[in-house]
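So you can see what is in the structure, the chains are spelled out below.
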Amino acid sequence: MDITYDKTRALAIKFDREDPLNSFRQRFHIPKDNQGKELLYFCGNSLGLMPNTARKYTDEMFEDWAKFGVEGHTHARHPWLPYHEFLTQSMAQIVGALPSEVVVMNSLTVNLHLLLASFYRPTQNRHKILVEYSPFPSDRFVVRSQIRFHGFDPDSSLLELQPDQGETISTESILEVLEKRGDEIALILIGGVNYYTGQAFDMKTITEAGHAQGCMVGFDLAHAAGNLRLELHDSGMDFAAWCGYKYLNSGPGGLSGVFIHQRHHNLQDIPRLEGWWGQDKESRFLMGPVFNPIPTAEAWQLSNPPILPMATLRASLDIFDEVGMIALRKKSEKLTHYLEFLLSEFKGDTLDIITPEDPAQRGCQLSIQIKDKDKSLYEFLTHNGVIADWREPDVIRVAPVPLYNTFTEVWDFVQLIRHALLSRL
Ligand SMILES: *Cc1c(COP(=O)(O)O)cnc(C)c1O
């Protein structure tokens, strides 16, 4: 990156002034402390902030429900019947997919199960699932229970990649595992960005290598959607799912997005758990006994969707439409690199950054490892208005989110670390 840095706050202010996205912060509610001072919120990787328009978009549903009752399905300003379709285009844009490959429905873990019902088809000779090192607990529970559901033993059918570069995993070592054991693996399921280390995986390369071995390949993009520039269609992966409440700011428990590659849409023999919302839209209300799947990812929908969480998601996606992932990612790389630069003076004795340095191998999050596992630095930060999170045994995850965080906030955060560490001496 061709930026000349110094450690003055003036530089952070200058970066903010020059930032073409700096006005987007005003579109969000920034949490404040008891004195009304804005907190340093670096937890958008866990729960994104609330768009100002979220309430307006949900109010619209309440008003239309009061006014129309059941007829809101067709008469509401955004009719409820096709409401999920209002999200598809923006979501497809964010993840680099065709609109027919994307649907918003359910929550993430539920969707992982629905996707595995279709894409995990173990046989006696090929029943293993390959996951990244230390996957998110829910993902581990999903794959273990799916393995058991199919009559296999998770202790032998679950393969977990091992780190070979500190806490992270090189693409070469993944390729090596696939080369050696690919023919035992039915399915690869990897977190596109690992929630703990912040490592981003090379999805296209892994997908191609997995397919060459005859494996199905899917990614959990909970920490990647709205964070990285994704090209899901071109990557060729079979499926993906992500939640809407992290970088996509749809609110607590918000809805999940699903990607199913086009080549799977019209297969007659794909096993799928089905419900009436996957039924062809023309015949759905004829209430007939035969299931005619919508010839898109929408065939995987089960129920008529909840409008309220779709409304809050729509509020956020409208902002993403304005910004675009290209500009967002450009700022993100600069913002995270700036954080990394300011932290570099403490690296070594006190702390380490376990997230890869290569911008292509990470999103906005840096995972700061505290060398002596002493949680007091984290407690000091929390006490002084920082919202980040501590992940056992020794990591503080910090996510400067380009949509609403500033360079000055990053500077102020590192200044607090400086204070804490100096006062320790
Ligand atoms: C956040 C997250 C989840 C959470 O699952 P929910 O079903 O939304 O509660 C699951 N997997 C990963 C990788 C996550 O980061």
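Keep in mind that what you see is a predicted model, and the values were worked out from it rather than measured. Sequence order as written defines residue numbering, which begins from 1 separately in each chain. Since the coordinates come from a predicted model, pLDDT governs what is reported: local features require at least 70, and pairs of side-chain atoms require 80 or more to be given and counted, while whole-chain, interface and lining totals use all residues. The side-chain values count all of the structure's non-hydrogen atoms but skip hydrogen atoms and water molecules.

1. Describing empty space enclosed by the protein
Think of a ball as big as a water molecule: rolled over the atoms, this probe shows where empty space is left.
Moving on, step 1. The method works on a 1 Å grid over the protein atoms by themselves. A cavity is a set of points holding a 1.4 Å probe that cannot get out, a pocket is an open set with protein on both sides within 12 Å along at least five of seven lines, and residues with an atom within 4 Å of a point line them. Grid points are joined across faces, edges and corners, and a volume is the space filled by probe spheres set on the points. Overall, the coordinates contain 1 cavity of 30 Å³ or more when judged by the stated rule.
Moving on, step 2. For the largest cavity, the calculated volume is near 40 Å³.
Moving on, step 3. It is helix H2 (residues 54–68) that contributes the most residues to the lining of the largest cavity, 4 residues altogether. Strands are runs of DSSP state E lasting at least two residues, helices are runs of H or I lasting at least four, and both sets are numbered from the N terminus onward.

2. Structural notes on the domain arrangement of the protein
Moving on, step 1. Taken domain by domain, the protein consists of domain 1 (9–49 + 325–422) and domain 2 (58–320).
Moving on, step 2. Delimitation of the domains relies on an automatic or database domain assignment. Computed from C-alpha atoms alone, the centre-to-centre distance between domain 1 and domain 2 is 29 Å.
Moving on, step 3. Taken together, the contacts link 34 residues of domain 1 with 22 residues of domain 2.
Moving on, step 4. Approximately 2,300 Å² of surface area, both sides summed, lies buried where domain 1 meets domain 2, with 59% of it carried by carbon and sulfur atoms.
Moving on, step 5. Basic side-chain nitrogens of Lys or Arg form a salt bridge, by our definition, when they fall within 4 Å of a carboxyl oxygen of Asp or Glu. Here domain 1 is connected to domain 2 by 0 salt bridges.
Moving on, step 6. Side-chain atoms alone can form a polar contact between residues adjacent in sequence; in general such a contact is a pair of N or O atoms within 3.5 Å, and within protein one must be able to donate a hydrogen while the other accepts it. Counting across the interface, domain 1 meets domain 2 through 12 residue pairs in polar contact (both at pLDDT 80 or more).
Moving on, step 7. If you tally residues by element for the side of domain 1 that touches domain 2, the top one is helix H12 (residues 325–343), at 4 residues.
Moving on, step 8. In terms of residue class, the side of domain 1 that touches domain 2 is built from 17 nonpolar, 10 polar and 7 charged. Note on definitions: a residue-residue contact is assigned when non-hydrogen atoms from the two residues lie within 4.5 Å. Defined in terms of a 1.4 Å probe, buried area is the accessible area two parts forfeit on being brought together, summed over both. The nonpolar class holds Ala, Val, Leu, Ile, Met, Phe, Trp, Tyr, Cys and Pro. Asp, Glu, Lys and Arg form the charged class, and all remaining residues, Gly among them, are polar.

3. Quick look at the sheet that holds strand S10 (residues 366–370)
Moving on, step 1. Criterion used throughout: strands pair if DSSP finds at least two bridges between them. The strand order across the open sheet built from 4 strands is S9-S10-S13-S12, with neighbouring strands paired in antiparallel fashion. Pairing within the sheet leaves two strands with one partner each, and these edge strands are strand S9 (351–353) and strand S12 (389–391). Strand-to-strand twist of the sheet, defined as the mean angle between neighbouring strand axes without regard to direction, takes the value 30°.
Moving on, step 2. Inspection of the sheet shows S12 paired to strand S13 (residues 395–398) by 3 bridges, in the antiparallel sense. Of the residues in S13, the one forming a bridge with Arg 391 is Val 395.
Moving on, step 3. Only C-alpha atoms enter the line fits that serve as axes; for helices the fit covers just the stretch in contact. Angles between N-to-C directions range over 0 to 180 degrees. In the packing of H12 onto the sheet, contacts are made with S9, S10 and S13, and the angle to S10 comes to roughly 20°.

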